[in-house]
Each structure stands twice: as structure tokens, then as C-alpha cells.
Amino acid sequence: MRIYTRKGDDGTTGLFHGGRVRKDSALPEAYGTVDEAQATLGLARAEAGRASELDALLVALERDLWVLMAELATEPENRSKLKPGASAVTDEMVTHLEHLIDDYSGRFEAPKEFVVPGETKVAALLDLARTVVRRSERLAITAAAPPSLAVPYLNRLSDLLWTLARWAEGGSLPTREA
């Protein structure tokens, strides 16, 4: 199997469950930015260290983003083909992020002023991922009309990433040897 198909050479891309749109239209802009967010989470994960608590959490979040990308890559007329939790974001996925935010928030004292990113490399990468998720959220507003839960999921995810970055700054992560 070849990785290239040449189908996109005309500036269009295929969507999940069929259809083609211009690569600069709302759906590819949104799911492409989520893909970028996922890659940024991978950077944070690589720095956090394998088998760490953060590694396991970030892998789960990256897998959730596959679900979200599938949803964003589906035209509205094909939404009925989406499967909750597999290709469509669910209430439970959003609620799970809220529980994680509550859990990790209880592990450190919240900053009392604006945060300057870069206290640690892991925290800085989590902050970078947070900003990409925020951009994804802005783009998903156009791409994912209700009843989609893509926007609430991305909103919570950015809050979770802020929380994880502050937790990482607090020395809760094991240090990596160079």
C-alpha cells in the first residue's frame, strides 16, 4: 500500500463517511488543528517519560482526539453514521475531563497571578498543547454544530492541560536524566 493517493492534488480531501471538501474548508481546518494538538501532546508525552502517570494520561487523551477528529471529519448529513465514543464525542468523555481537572487541581496550590510558561519543559509543552487546543476549539465552533460535543470537549481539554502544566511545575513528575 502506498501512502500517497494523488487524490488531494486538486486541493480537496476525503471525509469520514464520504464526501470531499476543499482542504481549506471548515472541517479540515478544525480536524487538522486537532491533529496538531495531538502531535503537541505527543511532544509533552515524550518529555514526561514512558510509564509515568502523565504518559498514561496523555495517551488516553490522544486516543480521545482520534474520536474527535473523526467527528469533525464528518459532514453534517452523515452524522447519523457516527458511533458514540468511537467516532463521536460523548457526555461521558466531557465529564471525565472534568473529573481529571478536579483530581489534578487538588494536587497543587493554584497560582495567584498570571502564569509565565516555561517553568519546566514538560509544563511548557503542556501549555503549548493548551494553546493549540484553544485554536482547535475556535475552529470547531464553525465545523461542529450542535448536538456535537466537540467544542465542550476541547474547552475542558484546554482547562485540563493548563491544570496539568501547573501540576508539572510543582515537581510532581519524576525528573529525567539527560
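Up top you'll find the structure we're talking about.
Residues numbered from 1 in each chain as written. Predicted model: local features only at pLDDT ≥ 70, side-chain atom pairs only at ≥ 80, totals over all residues. Heavy atoms only, no water.

## What about the environment of Gly14?
Here comes step 1: Relative to the helices and strands, Gly14 resides in strand E1 (residues 12-14).
Here comes step 2: Considering only alpha carbons, one finds Gly14 and Glu36, 22 residues apart in sequence, at a separation of 18 Å.
Here comes step 3: Setting aside its immediate chain neighbours within four residues, Gly14 contacts Gly19, Arg20 and Tyr31. (Helix = DSSP H or I, 4+ residues; strand = E, 2+ residues; numbered from the N terminus. Contact = heavy atoms within 4.5 Å.)

## What about the side chain of Ser52?
Here comes step 1: Along the chain, Ser52 falls in the loop between helix H1 (26-48) and helix H2 (53-72).
Here comes step 2: Among the residues examined, Ser52 registers a relative accessible area of 10% and is labelled buried.
Here comes step 3: Within the structure, Ser52 has its side chain in polar contact with the backbone nitrogen of Asp55 (distance 3.0 Å). (Buried < 20%, exposed > 50% of the residue type's maximum accessible area, 1.4 Å probe, protein only. Polar contact = N/O pair within 3.5 Å; in protein donor to acceptor, adjacent residues only side chain to side chain.)

## Some words on the nonpolar core
Here comes step 1: One finds Leu61, Leu72, Leu126, Tyr153, Leu157 and Leu164 to be the most contacted residues of the largest nonpolar core, which totals 49 residues.
Here comes step 2: If you list the elements that add at least two residues to this core, you get H1, H2, helix H3 (91-105), helix H4 (121-143) and helix H5 (150-169).
Here comes step 3: Per-element tally for this core: the top contributor is H5, with 10 residues. (Core = buried A, V, L, I, M, F, W, Y, C linked by side-chain atoms within 4.5 Å.)

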